[in-house]
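Breakdown of the fold
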Amino acid sequence: MKKFLSAVASVVVLGSMSLSGAGFDAEKVYELECQGCHGPMHQGGVGSDIRPEKLKDKTSMFLADVIMEGRSGTAMPPFKGSLSKQEASQMVDYLQKFAGKKIDVLTLPNVKSKWRTFNKAADLAKKYPDPKDVKNVMDIVFVTERDASKVTFIDGTTGKILSRHPAGFAVHVTVTNKRMPRYAYSISRDGLVTMYDLNTPGQQKIAEVRVGSESRGLGVSPDGKYLLAGNYTPGGAVMLDAMTLEPLKVYPTSSVIDMDGNIGESRVASIADTPYGPYFAMALKDAGHVYIIDYSKPDFPIVGDIPGIGKILHDAFLNEGKEMGRYYMIASQGSDVVGIVDFKTKSLVSKVYTGAGSKPHPGQGSSWLNEKYGQLHATVNMNVGSVSIWDNNWDIVRHIPTGGGALFVGTSEHTPYIWADNVLGSPAVWNEVHLIDKQHLETARIIKVGTTEGQLIDGKTKKVLKTWKVPTVKDKDGKAVVPRILHAEPANHGQWTMISEWNAGRIGIYDSHTGEFVKYIEGLTTPTFTYSVEHRQTIPGA
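Numbering of residues starts from 1 in each chain and follows the order in which that chain's sequence is written. Given that the model is predicted, a residue must reach a pLDDT of at least 70 before its local features are reported, and side-chain atom pairs must reach 80 or more before they are shown or counted; all residues, however, enter totals for whole chains, interfaces and linings. Only hydrogens and water are removed before side-chain values are computed, so all heavy atoms of the structure are retained for them.

**Remarks on the overall build of the protein chain**
Looking only at helices and strands, one finds 7 helices and 37 strands in the protein chain. A compact globule built from 542 residues should have a C-alpha radius of gyration of about 24 Å, and the protein chain, at 22 Å, falls within 12% of that. Its C-alpha atoms give the protein chain principal-axis dimensions of about 55 × 55 × 45 Å. Partly exposed residues are those whose accessible area sits between 20% and 50% of the maximum for their type, while under 20% is buried and over 50% is exposed, using a 1.4 Å probe and protein chains only. Considering the protein chain as a whole, with its 542 residues, one finds that 60% of them fall into the buried category. Between two residues, a contact is recorded if the distance between any of their heavy atoms is within 4.5 Å. Considering only intrachain contacts with a sequence separation of at least 6, the fraction spanning at least 24 residues in the protein chain is 50%. When the accessible area of the protein chain is evaluated, it comes to approximately 20000 Å², of which 51% is carbon and sulfur surface. Neither His nor the chain termini are counted; the positive set is Lys and Arg, and the negative set is Asp and Glu. For this purpose, a charge sits on NZ of Lys, CZ of Arg, CG of Asp or CD of Glu. Mean positive and mean negative side-chain charge positions of the protein chain (61 and 57 charges, respectively) differ by 2 Å. Going along the chain from the N terminus, every DSSP run of H or I of four or more residues is numbered as a helix, and every run of E of two or more is numbered as a strand. As a reference, a globule follows 2.2 Å times the number of residues to the power 0.38, and the radius of gyration itself is taken over C-alpha atoms. Accessibility throughout is a Shrake-Rupley quantity obtained with a 1.4 Å probe, and a residue counts as covered only by protein chains that appear here.

Below, the structure is given as structure tokens:
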């Protein structure tokens with residue numbers, strides 16, 4: 001079934017696996033394709049609340065039409081290319097009659113039973129003290145091939161594909177152990193956490209563990225000892241040994257108090273570590289809380305509970321600059337705010353309002369030093385073509401218009417720009433990335449990838465500065481595909497920025513200083529999230 005992608009967000013994107021045909025199972029299709037946005041209890045999140053009481057005023061025909069045609073300007077895709085009208089009607093019937101379901105409570109014995117090892121880290125470290133496939137482990141970039149359910153390792157200085165590994169359904173994010181960057185980890189949307197050794201030939205697996213049936217976030221403690229994985233279903237988080245993936249403790253969120261005072265279960269979205277102290281932050285998506293865990297103390301206690309941040313918490317990032325990593329900036333997509341959580345005081349110190357009706361989604365976020373304002377921070381918004389920028393007083397200093405709704409904004413010390421995609425915008429703009437000048441706070445350049453030609457465009461004059469030939473990709477009906485591009489990631493020690501073209505099956509490489517096209521890495525399946533080991537070493541919590 002074609003899917004609307006979610007890299008760090010629970011957004012469904014179009015892929016290739018067919019879920020139609022005889023034996024159509026509406027509940028199973030919902031779990032695979034809809035649950036990430038609409039929630040396991042249909043309560044909503046990125047997507048609408050679609051419980052029966054919310055649908056009672058809608059006709060079956062209307063709802064089936066929404067499923068088939070999608071909703072413009074939202075993350076809801078059209079499924080007419082993969083579902084028949086009859087199957088759409090079956091899905092509507094399932095939604096209208098949904099009576100809830102039992103959500104299992106997260107338990108340590110259950111998680112431990114799903115842990116297995118392939119190699120011992122110490123043995124591999126002795127055998128391969130230095131990397132075998134690259135000169136420096138920092139050169140490696142890894143890519144999530146979403147619909148192939150794989151993690152792919154690439155030499156970030158040449159673009160050569162080094163290895164591919166099955167890593168669970170719709171691999172969501174990847175991280176490295178910053179203290180020992182030879183070790184990398186991935187988590188899939190079906191709850192599989194996998195550990196790799198980047199020094200070994202082919203980046204061999206060390207261990208894996210299934211922490212739940214639906215998962216999202218992942219963080220590694222700066223001391224290199226612990227890994228925290230976040231679950232949607234069953235709700236909660238799991239503390240793991242970062243050298244073996246042995247489960248150490250679980251944090252169930254099956255019974256917590258939400259923003260409205262109701263007691264219920266909550267998914268866990270963002271997970272972040274911080275260099276500021278021995279802490280993990282975990283965001284309770286449905287409850288509007290953030291828990292702070294102290295991993296330096298026996299039994300890894302929760303030492304902070306920050307409520308009242310906002311509805312539908314999701315992505316977050318940490319501040320750079322002075323007191324790096326002190327502030328955890330968590331997006332509330334149901335409250336149009338970014339909450340500022342202080343690790344020092346373990347409290348909510350402010351709320352940044354990103355604009356009425358907006359849905360902030362920072363992805364990896366951006367934090368940089370501006371000559372006029374000092375340290376600045378930025379997010380894109382899922383449903384509005386705007387980059388929201390705020391200072392260290394937590395005041396908005398600029399809303400910069402872009403082409404449309406987005407998922408990711410990113411930067412590095414090597415580029416004069418922050419790079420914002422428009423992947424949730426209309427077909428006219430979802431093939432654009434806007435390069436915003438970090439000092440002047442205006443769009444300086446636009447990268448636009450067409451079906452046959454790419455363009456580097458001046459942000460002010462709209463004059464085409466450079467062009468390049470784009471290999472045409474066609475869909476099953478022979479129609480040229482307009483590339484849907486997202487997630488700009490610095491690589492090659494700041495020389496390149498890599499942009500995924502998920503529906504074209506490739507990654508575009510651009511000069512980080514000028515935005516000029518360099519080359520393509522082709523032969524990938526719906527590439528989404530990319531992670532440069534060298535770049536992420538400098539980003540707190542990434």
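**Focus: the sheet that holds strand β20 (residues 327–332)**
Only strands joined by at least two bridges in the DSSP assignment are considered to pair. Across the sheet, which stays open at both edges, the 4 strands sit in the order β19-β20-β21-β22 with antiparallel pairing between neighbours. The strands lining the two open edges of the sheet, one partner per strand, are β19 (313–318) and β22 (347–353). Direction aside, neighbouring strands of the sheet carry axes that sit 25° apart on average. Note that β19 and β20 share 4 bridges and pair antiparallel. Bridge pairing in β20 places L313 opposite S332. Comment: axis = line fitted to C-alpha atoms, over the contacting stretch for helices; angle = value between 0 and 180 degrees taken between N-to-C directions.

**Looking at the nonpolar core**
Here, the term nonpolar core denotes a set of buried Ala, Val, Leu, Ile, Met, Phe, Trp, Tyr and Cys residues that are joined through side-chain atoms within 4.5 Å. Ranked by internal contacts, the top residues of the largest apolar core, which has 40 residues, are Y185 and V193. Of the residues forming this core, the biggest block, 4 residues, is contributed by strand β6 (residues 183–188). Beyond its immediate chain neighbours, meaning those up to four positions away, V193 contacts S186, I187, A207, E208, V209, V211, L218, L227, A229, L240 and L245. Among the nonpolar cores identified, the runner-up in size contains 19 residues, and F24, V29, I50 and L55 belong to it.

**Remarks on the pattern of salt bridges**
Put simply, a salt bridge is a Lys or Arg side-chain nitrogen that is within 4 Å of an Asp or Glu carboxyl oxygen. For the coordinates displayed, the defined rule picks out 20 salt bridges. One salt bridge connects D294 with K297, and the closest N-O pair in it is separated by 4.0 Å. The buried category is assigned to D294, whose relative accessible area is 5%. Between K448 and E432 there is a salt bridge, and its shortest N-O distance comes to 2.9 Å. Placement of the pair is K448 in strand β30 (residues 443–449) and E432 in strand β29 (residues 432–437), with a sequence separation of 16 residues. The exposure class of K448 is partly exposed, given its relative accessible area of 22%. On the basis of relative accessibility, which here comes to 11%, the residue E432 falls in the buried class. Here the salt bridges do not stand alone but share partners, grouping E323, R326 and D342 into one network.

**Some details on the packing of aromatic side chains**
Any aromatic ring pair is given by two values, namely how distant the centres are and how the planes are angled relative to each other. A pair of Phe, Tyr and Trp rings is counted when the ring centres sit within 6.5 Å of each other, with Trp represented by its six-membered ring. The angle between the planes then sorts it: under 30 degrees is stacked, over 60 is edge-to-face, the rest tilted. In total, this model carries 17 aromatic pairs according to the counting rule given. Ring centres of F153 and Y196 lie 5.2 Å apart, and the angle between their planes is 70°; this geometry places the pair in the edge-to-face category. Residue F153 is found in strand β3 (residues 150–155), and its partner Y196 is found in strand β7 (residues 192–197); the two are separated by 43 residues along the sequence. Pair check on accessibility: F153 and Y196 agree, each one buried. Seen from their ring centres, F280 and Y295 are 5.4 Å apart, and the 55° between their planes marks the pair as tilted. Pair noted here: F280 is in strand β16 (residues 279–284) and Y295 is in the loop between β17 (289–294) and β18 (302–306), with a separation of 15 residues, a long-range link. Pair check on accessibility: F280 and Y295 agree, each one buried. Members of the aromatic cluster, joined through ring pairs, are F142, F153, Y196 and Y531. For a lysine, the NZ atom is tested; for an arginine, the CZ atom; a charge sits over a ring if that atom is within 6 Å of the ring centre and within 35 degrees of the ring normal. In this arrangement the basic side chain of R216 is found over the ring face of Y232, its NZ or CZ atom lying 4.2 Å from the centre. The ring of Y232 has R267 lying over it, and the distance from NZ or CZ to the ring centre is 5.3 Å.

**Focus: helix α4 (residues 85–96)**
Expected helix span is taken as 1.5 Å per residue step, with the number of steps being one fewer than the number of residues. When the terminal C-alpha atoms of α4 are compared, their 16 Å separation across 12 residues agrees well with the 16 Å that a helix rising 1.5 Å per residue should span. Of all the positions in α4, only E87, A88, M91, V92, Y94 and L95 are classed as buried. Viewed along the axis of α4, the buried residues span an arc of 160°, placing them on a single side of the element. The exposed set on the far side of α4, more than 90 degrees from its buried face, consists of K85 and Q86. Within this analysis, the arc is defined by the directions that extend from the helix axis to the C-beta atoms.

**Overview of the environment of R326**
With respect to the helices and strands, the residue R326 is situated in the loop between β19 and β20. C-alpha of R326 to C-alpha of R506: the two residues are 180 residues apart in sequence and 36 Å apart in space. Setting aside residues up to four positions removed in sequence, R326 forms contacts with T274, Y276, N319, V341, D342, F343, K344 and T345.

**As for the side chain of T176**
Checked against the element boundaries, T176 lands in strand β5 (residues 171–176). A polar contact of 2.8 Å, which involves the side chain of T176, links it to the side chain of Y531. In this structure, T176 is in contact with F142, P181, Y183, A184, Y185, V220, Y531, V533 and Q537, ignoring residues within four places of it in sequence. Polar contacts, as counted here, are pairs of nitrogen or oxygen atoms within 3.5 Å of one another; within protein the pair requires one atom able to donate a hydrogen and one able to accept it, and residues that are adjacent in sequence qualify only if both atoms are side-chain atoms.

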